[in-house]
Amino acid sequence: MLTKIYLYFIIYAFLGWCTEVVYAALKEGKFVNRGFLNGPYCPIYGFGVITVVGLLSPIHGNPFLLFLGSVFVTSLLELITGFILEKIFKQRWWDYSEVPFNIGGYICPLFSLMWGLACLIVVDSIHPMISRLVDIIPHVPVLIIMIVFTAAYIVDIIATVNTIFKLNRRMERIEELSARIKKSSDELGESLAAGTITLVAKKELIEEKINQEKEKLEEKIEQTKQEMESEWTNMVQRRREVLEEMKKSLNKELLEADIFGLKRLMKAFPGWKTKRNKEAFNVLREFFNKKSPKKKL
């Protein structure tokens, strides 16, 4: 029985991934690997169908109760999954905040009703066929499928989790660099403004003294102006060099942010939001959007 349940999980995780790919192709006009993991499977679909079939089989003969139960079970599963993923990774993988009557952005009536209808079709039509297929698969191929899937699944989870944690650390460094660049830029602007005001004030003072002692002070005024201009030019140049160095560091962080699986995750979850380092996350998203222009089917 456990073997059959595990095979159901593998099959429905794969079918769920296929559904997401088709939905993305119709919506975006291109292929997008919508799964949380890199491989062709969406575990939440596997868990969802197994839970619905296991809990709601007793009311299989009542379509109305089956629909209501499916809406409740799938919505609860989506709510719990979204909440746990956000708490673990500090990221939000889907967001229904703009959809009316949503709950925390994790679930909304529109998609809950869609899951309910989908489960009706699965329980009535698809699962009986899948069940008969599983019953006729020989024991040896079943073991091979389970071993290969389990190995790939574990490696995929480790790689994806590592990618997300690397992203969080990268965003913290980018956020720090962005703050330093902004501070340096503000200091440079303030210095330029202060220098301009000082020059204007001193220029007026110098002109007044020139009127009083033009011939006597002419050489001294010229020397003073040159010293001031030289000092100001050197100060501005130093500020610019510091600012350019910080920008180079930021660009380096962005170029090195090409973490395995990161671009795929950003494409797969267009509603992905982060609770920390929001400015750095937006910088990364804009950077990858510029690097990877959309290719229409």
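J.: Describe the environment of Leu85, with residues and values.
T.: Here Leu85 shows up in helix α3 (residues 63-89). When sequence neighbours within four positions are dropped, the list of residues in contact with Leu85 reads Phe36, Lys90, Gln91, Trp93 and Trp94.

J.: I'd like to hear about the pattern of salt bridges, residue by residue, with values.
T.: In total, this model carries one salt bridge according to the counting rule given. For Asp135, the salt bridge identified is with Lys4, shortest N-O distance 3.1 Å. Of the two residues, Asp135 is situated in helix α4 (residues 109-136) and Lys4 in helix α1 (residues 2-28); the sequence distance between them amounts to 131 residues. Given a relative accessible area of 27%, Lys4 falls into the partly exposed group.

J.: Before we move on, can you summarise the packing of α1 against helix α2 (residues 43-56) with the specific residues and values?
T.: Two numbers describe how α1 lies on α2: the axes approach to 7 Å, and their chain directions differ by 125°. When the axis of α1 is compared with that of α2, the two are oblique. Handedness of the α1/α2 crossing: right-handed. Contact with α1, carried on its side by Ile5, Tyr8, Phe9, Tyr12, Ala13, Gly16 and Glu20, involves Pro43, Tyr45, Gly46, Phe47, Val49 and Ile50 of α2 and no other residues of that element. Residue composition of the contact of α1 with α2, grouped by class: ten nonpolar, two polar and one charged.

J.: Give a description of the side chain of Glu86 that names residues and reports values.
T.: Following the sequence through the fold, Glu86 ends up in helix α3. With a relative accessible area of 5%, Glu86 lands in the buried category. A polar contact is formed between the side chain of Glu86 and the side chain of Tyr106, at a distance of 2.5 Å.

J.: Which residues make up α4, and what are the values?
T.: The first and last C-alpha atoms of α4 sit 39 Å apart over 28 residues, in line with the 40 Å expected at 1.5 Å per residue. Maximum bend of α4: about 50°, positioned at Ile126, with proline Pro128 one to four residues after it. Buried within α4 are the following residues: Phe111, Ser112, Gly116, Cys119, Leu120, Val122, Val123, His127, Ile130, Ser131 and Val134. Buried residues belonging to α4 abut α1, α2 and α3.

J.: I'd love a proper account of α1, names of residues and values included.
T.: Look at α1: 38 Å from first C-alpha to last across 27 residues, which is about the 39 Å you get at 1.5 Å a residue. Where α1 is concerned, the buried positions are Leu7, Tyr8, Phe9, Ile10, Tyr12, Ala13, Gly16, Trp17, Glu20, Val21 and Ala24. Backbone geometry just after α1 places Gly29 at a positive phi near 75°.

J.: Describe the state of the cysteines, listing the residues and the values that go with them.
T.: Considering all chains together, one arrives at zero disulfides under this definition. Here Cys18 stays free of any disulfide, with the sulfur of Cys42 as its closest cysteine sulfur at 9.0 Å.

J.: Can you lay out the nonpolar core for me, pointing to particular residues and giving the numbers?
T.: Of all hydrophobic cores here, the largest spans 38 residues; its most connected members are Phe36 and Trp93. Here this core gets seven residues from one element, more than from any other, and that element is α4.

Conventions used here
- Residues numbered from 1 in each chain as written.
- Predicted model: local features only at pLDDT ≥ 70, side-chain atom pairs only at ≥ 80, totals over all residues.
- Heavy atoms only, no water.
- Helix = DSSP H or I, 4+ residues; strand = E, 2+ residues; numbered from the N terminus.
- Contact = heavy atoms within 4.5 Å.
- Salt bridge = Lys/Arg side-chain N within 4 Å of Asp/Glu carboxyl O.
- Buried < 20%, exposed > 50% of the residue type's maximum accessible area, 1.4 Å probe, protein only.
- Axes fitted to C-alpha atoms, helices over the stretch in contact; angles between N-to-C directions.
- Parallel < 35°, antiparallel > 145°, perpendicular 65-115°, else oblique.
- Left-handed = near helix turned anticlockwise from the far one by under 90°.
- Nonpolar A, V, L, I, M, F, W, Y, C, P; charged D, E, K, R; others polar.
- Polar contact = N/O pair within 3.5 Å; in protein donor to acceptor, adjacent residues only side chain to side chain.
- Expected span 1.5 Å × (residues − 1).
- Bend = angle between axes of the 7 residues up to and from the residue.
- Disulfide = S-S within 2.5 Å.
- Core = buried A, V, L, I, M, F, W, Y, C linked by side-chain atoms within 4.5 Å.

Distances and angles like these do not, on their own, reveal function.
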